[in-house]
Amino acid sequence: MIKMFGILAGGALLASTVAIAQSAVQSAPDSSASALGKDVDLTRGAKAWADHCGRCHNLRSPSELGENAWDVSVTHMRTRASLPGDLADDIKAFLMYSVQSKTADAAPIEKTAAGDAYAHLKPGDAERGRELYSQTCVACHGANGEGAFEGVPNLMIVSGLLSKPDEILLANMINGFQSAGSPMAMPPRGGNPDLTDQDLAHVLAFLRTQIEEKTGDRRQK
Amino acid sequence: MDRQRRFLRLRCLLLTSVGGIAAGATPSAAEVSQVCSAWNVTRSIEVLTASDEGVACQVRYRKPDEGALDQILWRSSNSVAFCDQKAQELASRLTAAGFRCREGNLTETAQRSSDLVSTGGADDETPAEGFDQRDADSGASALLAESSRPSGRRVYQRLSGGSDTKSHFAGYADATFAAADSGDEATTSFFTATFNPLFLFQYKDIVLLEAEAEISVDDDGETEFAIEYAQVDLFLHDNLTLVLGRFLSPVGLFQERLHPSWINRLADAPPGFGHDGVQPASELGVMARGGVSFGRTLITYALAVGNGPTVAHEGGVVFEAGGADDNSNKAVSGRLGFLPVPYLEVGGSFLVGDVSGVDDEMEASPDPMAALAPSSANVSLWGADASYTRGPWDVRAEYLSVTRDAIATSFAGSNGVEILPDLKLEAWYAQVAYSLSDITSHPVLQKVEPVVRYGEYKVNGLDELAEEAAEKRVDVGVNYWLAPSIVARGVVGWRDFTARPAGEPSSETRYMLQFAYGF
């Protein structure tokens, strides 16, 4: 009985392997080209990293390994954790981005030139901002803005990061940055190039209302 | 001036409607093409007609600046209007996302030579196979963070290019001190250390070779060397990886996922999950595994066929990959995992196979006439596990049950081949760890993680094993995380040996200190 089952299962495995290997060969331009260029989604990668890479062991800091090492390591984890390949690729993209932007010229802007470069933007709409935040930023900044994992700063500290002027925050959100010693980069537009400057102004408005609610809470206490 | 330049980053190009149809269609020629730009990212949407047999039109989406491959998003076997409409819709979505679209062609130089894409049936008016849904949903994919920045561009190229073979050296090491106190007897204490180097070699994104050795110094000061695993992973499909060689058994959680000391929350295995236990450690054979996600929900599977268990020296069952199979029957094992959300996982595991009795001639039966021939017996295992790993919590529980039918075999202390009755082994544990990082930002306290575990191991049908291994145990420990994979821990365990013969100590308090480093 068990013998039969074993042979059957082994046979089925082999047959499916051959079938799939065959189709992999047939779509060879696709698969070999895929080694040369894949559609990767940085935001989804950041989220998947936060979701999956701390499930079995602690999340390791993106700055722990270099680009090539992350490539190999995430392939390793893809097998160990049975992650779908496209998800693993997104995670790779995110980790590689975080690592190499460290060496790039990506320091945060702390001062702006005279004049407000974003003066033309309409006032931010916090409700619209909430929506955008929950689509893109929540992966790293967390539902409460306090950071979803190590390496992401708490934005909800009263007179903390958000007390910087709008134009500086906007410039940092738009261009992306990584401060000295930070294990991880804030990607340009949170990794989502579809967000416009105006969208980011909406999100900023949302973040500010969250902080105000917090200070409001404090005062009531 | 400066301000204006900043805003011109969203280059304004007139959005014109899809207009005239280019004359003289060559195969695969773009009949109608729009170019959409934002910053210096330019994409094109092309409606191709007269391309393949049986296909009236296709919509090709190209993002050469982003290093992406061309995609065929839609095709239709009879209606060019369908493609025009889809192209227009995509252009509108890009426009809404800040792109500016105009009629035109990408210049040849900007094109990537790879005119690849999905084959697949020309299903009428459906997205082409290989079309990335998330790309359609967001209109413009979140491909690469702002390609206008050189760093953004590099990400992509590095992910895609680089050398064909990449390697990575990792692994872990630990040093443990343990002292046991069993009441009246003298306290015993010992040191152990292990070093587990892990070598990884990856060829493109097709093959990964993983090999891990375990070099350990045991409590007698003797050095042992063993191969933990040595496997080749073939990535056949996003949802299917084929593993060949010696690999960690996919049954249950502990062996495959938690046993490295920098991952484990305590200093040793739960009762029944380590040596002499019920949990399969490794397998020699082939395994198919993978996962499928639906939004945040993930389903994972692993199915292995291998040499399976053997009869232990003491008469129990060893679930460890030996060199040769003890019989021609393969064991089949596997696990199915379900994660409704990433921080919650439930899993079920099984193994079916059989073991063959051995005839140890060294202990020849005194009466050859009475000798029994060794027989084989079925072994079956099932198990269930659950994990909750949200925020500061790390909660796990696991249960495994093994039965082995009666078997004729010789074993340590037997008088030739004897009959061993049915054997039933059962082990389970539940463990909760909580990191204080969630409730304090004190520099020392936030690295502290208390943990408790309760576990039981029951053995029925083999007294020698029961006396040795059956136990109930409570472990309480504290982890101090110097880094995400470097930990110092202290553990106190209260062990209750449930089947010790009278006269032997039936309980023990054990203290362990461990330093573990995953690198």
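Located above this text is the structure these notes cover.
Here we summarise the structure given alongside this text. Nothing here was measured: the structure is a model prediction, and the numbers come from that model. (Residues numbered from 1 in each chain as written. Chains lettered and ligands numbered in written order. Predicted model: local features only at pLDDT ≥ 70, side-chain atom pairs only at ≥ 80, totals over all residues. Heavy atoms only, no water.)

1. Remarks on the nonpolar core
- Of all hydrophobic cores here, the largest spans 34 residues; its most connected members are Val278, Val402, Leu425, Tyr457, Val459 and Leu465 of chain B.
- Counting only elements with at least two residues in this core, the list comes to helix H5 (254-258), strand E17 (344-356), strand E18 (376-388), strand E19 (393-404), strand E22 (423-434), strand E23 (448-460) and helix H6 (463-469) of chain B.
- Considering every element that reaches this core, the biggest residue donor is E22 of chain B, with four residues.
- Once residues within four sequence positions are removed from consideration, Val459 of chain B is found in contact with Leu423, Lys424, Leu425, Leu465, Ala466 and Ala470 of chain B.
- Of all hydrophobic cores here, the second largest spans 27 residues; its members include Ala46, Leu87 and Met184 of chain A together with Leu298 of chain B. (Core = buried A, V, L, I, M, F, W, Y, C linked by side-chain atoms within 4.5 Å. Buried < 20%, exposed > 50% of the residue type's maximum accessible area, 1.4 Å probe, protein only. Helix = DSSP H or I, 4+ residues; strand = E, 2+ residues; numbered from the N terminus. Contact = heavy atoms within 4.5 Å.)

2. Thoughts on helix H4 (residues 67-80) of chain A
All names here are of chain A.
- In a regular helix each residue adds 1.5 Å, so 14 residues correspond to 20 Å; H4 covers 20 Å between its end C-alpha atoms and thus fits that length.
- Taken across its 14 residues, H4 has twelve buried, putting it largely inside the fold.
- Residues of H4 that are buried include every one of Glu67, Ala69, Trp70, Asp71, Val72, Ser73, Val74, Thr75, His76, Arg78, Thr79 and Arg80, and no others.
- Positive phi shows up at Ser82, right after H4, with a value of about 55°. (Expected span 1.5 Å × (residues − 1).)

3. Brief notes about a nonpolar patch on the surface
Residue and element names in this part refer to chain B.
- On the surface, Leu344, Tyr388, Trp393, Val432, Val452, Val474, Val476 and Trp494 cluster together into a nonpolar patch covering about 630 Å² of accessible area.
- Examined against the element boundaries, Trp393 turns out to sit in strand E19.
- A residue is classified by how much of its surface remains accessible, and Trp393, at 37% relative accessible area, is partly exposed. (Patch = residues over 30% accessible without salt bridge, like charges linked within 9 Å, V, L, I, M, F, W, Y side chains within 5 Å. Areas by Shrake-Rupley, 256 points an atom, 1.4 Å probe, with all protein chains shown as cover. Salt bridge = Lys/Arg side-chain N within 4 Å of Asp/Glu carboxyl O.)

4. Considerations on the packing of aromatic side chains
- Overall, the coordinates contain twelve aromatic pairs over all chains when judged by the stated rule.
- Their ring planes at 15° and their centres at 6.3 Å tell us that Phe195 of chain B and Phe519 of chain B sit as a pair that is stacked. Of this pair, Phe195 of chain B sits in strand E8 (residues 188-203) while Phe519 of chain B sits in the segment after strand E26 (507-518), placing them 324 residues apart in sequence.
- Using a relative accessible area of 28% as the deciding quantity, one classes Phe519 of chain B as partly exposed.
- Considering the side-chain rings of Trp393 of chain B and Tyr434 of chain B, the 4.5 Å spacing of their centres and the 55° angle between planes classify their relative orientation as tilted. Note that Trp393 of chain B is positioned in strand E19 and Tyr434 of chain B in strand E22, a separation of 41 residues in sequence.
- One cation-aromatic arrangement involves Arg60 of chain A over Trp262 of chain B; the distance from NZ or CZ to the ring centre is 4.6 Å.
- The ring of Phe497 of chain B has Arg500 of chain B sitting right over it, with the charged end atom 3.9 Å from the ring centre. (Phe/Tyr/Trp six-rings, centres within 6.5 Å; stacked < 30°, edge-to-face > 60°. Lys NZ or Arg CZ within 6 Å of the ring centre and 35° of its normal.)

5. Details of helix H6 (residues 126-141) of chain A
Residue and element names in this part refer to chain A.
- Look at H6: only 17 Å from first C-alpha to last across 16 residues, short of the 22 Å you get at 1.5 Å a residue.
- Its axis deflected by about 55° at Gln135, H6 carries its strongest bend there.
- Here H6 has its buried residues at Gly129, Leu132, Tyr133, Thr136, Cys137, Ala139, Cys140 and His141.
- Capping of H6 at its N-terminal end is provided by Asp125; its side-chain oxygen lies 2.9 Å from the backbone amide nitrogen of Glu127.
- In the segment just after H6, Gly142 is the residue with positive phi, at about 80°. (Bend = angle between axes of the 7 residues up to and from the residue. Polar contact = N/O pair within 3.5 Å; in protein donor to acceptor, adjacent residues only side chain to side chain.)

6. Some words on the pairing of strand E9 (residues 207-217) of chain B
Residues and elements named next belong to chain B.
- For E8 and E9, the ladder comprises nine bridges, and the chain directions are antiparallel. Across the sheet, the residue bridging to Ala193 is Val217, located in E9.
- Linking two consecutive strands that pair antiparallel, namely E8 and E9, is a turn of three residues; a positive phi of about 45° is found at Lys204 within it.
- As defined by bridge partners, E9 adjoins strand E10 (residues 223-237) across eleven bridges and the pair is classed as antiparallel. Each bridged residue has a counterpart across the sheet, and for Glu210 the counterpart in E10 is Gln231.
- Adjacent in sequence and paired antiparallel, E9 and E10 are bridged by five residues, among which Gly221 carries a positive phi angle near 80°. (Pairing = 2+ DSSP bridges.)

7. Things to note about the pattern of salt bridges
All names here are of chain B.
- According to the stated counting rule, one finds 29 salt bridges over all chains in the structure shown.
- The residue Glu46 makes a salt bridge to Arg60 at a minimum N-O spacing of 2.8 Å. Remark: Arg60 occurs in strand E3 (residues 57-62) and Glu46 occurs in strand E2 (residues 41-49); sequence separation between them is 14 residues. Like Arg60, Glu46 is buried.
- Here Glu449 and Arg265 are joined by a salt bridge, their closest N and O atoms 3.3 Å apart. Placement of the pair is Glu449 in strand E23 and Arg265 in the loop between H5 and strand E12 (282-294), with a sequence separation of 184 residues.
- For Glu449, a relative accessible area of 2% puts it in the buried group.
- Since its relative accessible area comes to 6%, Arg265 is described here as buried.

8. Description of the side chain of Ser82 of chain A
- Mapped onto the elements, Ser82 of chain A comes out in the loop between H4 and helix H5 (85-103).
- Here Arg289 of chain B takes part through its side chain, which lies 3.0 Å from a polar atom of the side chain of Ser82 of chain A.
- Excluding residues within four positions of it along the chain, Ser82 of chain A makes contact with Met77 of chain A together with Arg289, Gly290, Gly291, Thr300 and Tyr301 of chain B.

9. Side note on a negative patch on the surface
- A grouping of Asp276, Glu314, Asp463, Glu464, Glu467, Glu468 and Glu504 of chain B is seen on the molecular surface, where their side chains present a negatively charged patch.
- Along the chain, Asp276 of chain B turns up in the loop between H5 and E12. (Lys, Arg positive; Asp, Glu negative; His and termini not counted. Charge placed at Lys NZ, Arg CZ, Asp CG, Glu CD.)

10. Brief notes about empty space enclosed by the protein
- Across all of its chains, the model carries nine cavities of 30 Å³ or more by this definition.
- By volume, the largest cavity is sized at about 640 Å³.
- Contributing to the lining of the largest cavity are 36 residues, with His57, Ser73, His76 and Met77 of chain A together with Trp262 of chain B lying nearest its centre.
- Secondary-structure elements contributing two or more residues to the lining of the largest cavity are helix H3 (42-52), H4 and H5 of chain A together with strand E7 (165-181), E8 and H5 of chain B.
- In terms of residues, the lining of the largest cavity owes the most to one element, H4 of chain A, which gives six residues.
- Of the residues belonging to the lining of the largest cavity, the class tally is 22 nonpolar, seven polar and seven charged.
- Each pocket or cavity is described by its volume, and for the second largest cavity that value is around 60 Å³.
- Elements with a minimum of two residues in the lining of the second largest cavity: H5, E19 and E22 of chain B.
- Each residue belonging to the lining of the second largest cavity can be placed in one class, and the counts come to five nonpolar, two polar and three charged. (1 Å grid on protein atoms, 1.4 Å probe; cavity = no way out; pocket = protein on both sides within 12 Å on 5 of 7 lines; lining within 4 Å. Points joined across faces, edges and corners; volume = space filled by probe spheres on them. Nonpolar A, V, L, I, M, F, W, Y, C, P; charged D, E, K, R; others polar.)

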